[in-house]
Amino acid sequence: MKVFKIILGAAAIFFLFSAPVVASDFDWIPDFNIRAEADSSGFRARLATRFQIGDTQINAVLSNVERPADAYMVLRLGEMSNRPPEYVMREYKAGKGKGWGVLAKSLGIKPGSKAFHALKSGQDLYDGPGKGKGKGKGKRKD
């Protein structure tokens, strides 16, 4: 029983500290979610304009993700990888919890590439290209 408690405690610590590490590469996501959740109709309109999609596709993506940034990332990764959002959504669900970097890599977006750094450094739905809340490394210089 004591060994089980130790293993359970170690697993809990791993899961508690692994999520922030994954999210830290995409540190613009919390602010993005706050902005999108504060104005859901505006967020939907921005998605429609940015990705040139209609309500049906927006509803399909939003109904299958937990947060607004997840919807943005599914659509953005689809765009970057030349894959339909449905494909990215399947990969997102299959790899749930592994992080956006792992998903991007699985879609052929190479770590260290300009595209990968652009994805990590920010979003372009609210602030324009390269103006997200990233740490500066890999940001575009406009």
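Before reading on, note that the structure itself is shown above.
What you see is a predicted model, and the numbers here were worked out from it, not measured in a lab. Every residue gets a number counted from 1 within its own chain, in the order that chain's sequence is written. Residue-level local features of this predicted model are given only where pLDDT is at least 70; pairs of side-chain atoms are given and counted only at 80 or more, and the full residue set underlies all totals for whole chains, interfaces and linings. Side-chain measures were taken over the full set of non-hydrogen atoms in the model, leaving aside hydrogen atoms and water.

Now for helix 5 (residues 68-81). By definition, any uninterrupted DSSP run of H or I lasting at least four residues is a helix, any uninterrupted run of E lasting at least two residues is a strand, and each is numbered from the N terminus. To estimate the expected span of a helix, count its residues, drop one, and scale the result by 1.5 Å. Here helix 5 spans 20 Å end to end across 14 residues, near enough to the 20 Å set by a 1.5 Å rise per residue. A positive phi of about 55° marks Asn 82, the residue just after helix 5.

Summarising the element assignment, Gln 123 is placed in the segment after helix 8 (114-121). The definition of a polar contact used here is a pair of N or O atoms within 3.5 Å, where within protein one atom must be able to donate a hydrogen and the other to accept one, and adjacent residues in sequence count solely through side-chain atom pairs. Among the polar contacts made by the side chain of Gln 123, one reaches the main-chain amide nitrogen of Leu 125 at a distance of 2.7 Å. Here Tyr 126 takes part through its backbone nitrogen, which lies 2.9 Å from a polar atom of the side chain of Gln 123.

Attention now goes to the packing of helix 5 against helix 6 (residues 85-94). An axis is simply a line fitted to the C-alpha atoms; with a helix, the fit covers only the stretch in contact. Between two such axes, the angle follows the N-to-C directions and lies from 0 to 180 degrees. Contact geometry of helix 5 with helix 6 gives a least axis separation of 9 Å together with a crossing angle of 120°. For the element pair helix 5 / helix 6, the angle class is oblique. Two packed elements cross with a definite hand, and for helix 5 against helix 6 that hand is right-handed. Where helix 5 approaches helix 6, its residues Asp 70, Val 74, Leu 75, Leu 77, Gly 78 and Ser 81 are matched on the opposing element by Pro 85, Val 88, Met 89 and Tyr 92. If an angle is under 35 degrees, it is roughly parallel; if it is over 145, roughly antiparallel; if it lies from 65 to 115, roughly perpendicular; otherwise it is oblique. Note: crossing handedness is left-handed where the near helix turns anticlockwise from the far helix by less than a right angle, and right-handed where it turns clockwise. Two residues form a contact once any of their heavy atoms are found within 4.5 Å.

With that settled, consider the environment of Ala 48. Along the chain, Ala 48 falls in helix 3 (residues 40-51). Buried, partly exposed and exposed residues are distinguished by accessible area as a fraction of the type maximum, computed with a 1.4 Å probe on protein chains only: under 20%, between the cut-offs, and over 50%, respectively. When its relative accessible area of 23% is taken as the criterion, Ala 48 is described as partly exposed. For the pair Ala 48 and Ile 58, spaced ten residues apart in sequence, the C-alpha to C-alpha distance is 7.3 Å. If we skip the residues at most four places from it in the chain, Ala 48 touches Ile 53 and Ile 58.

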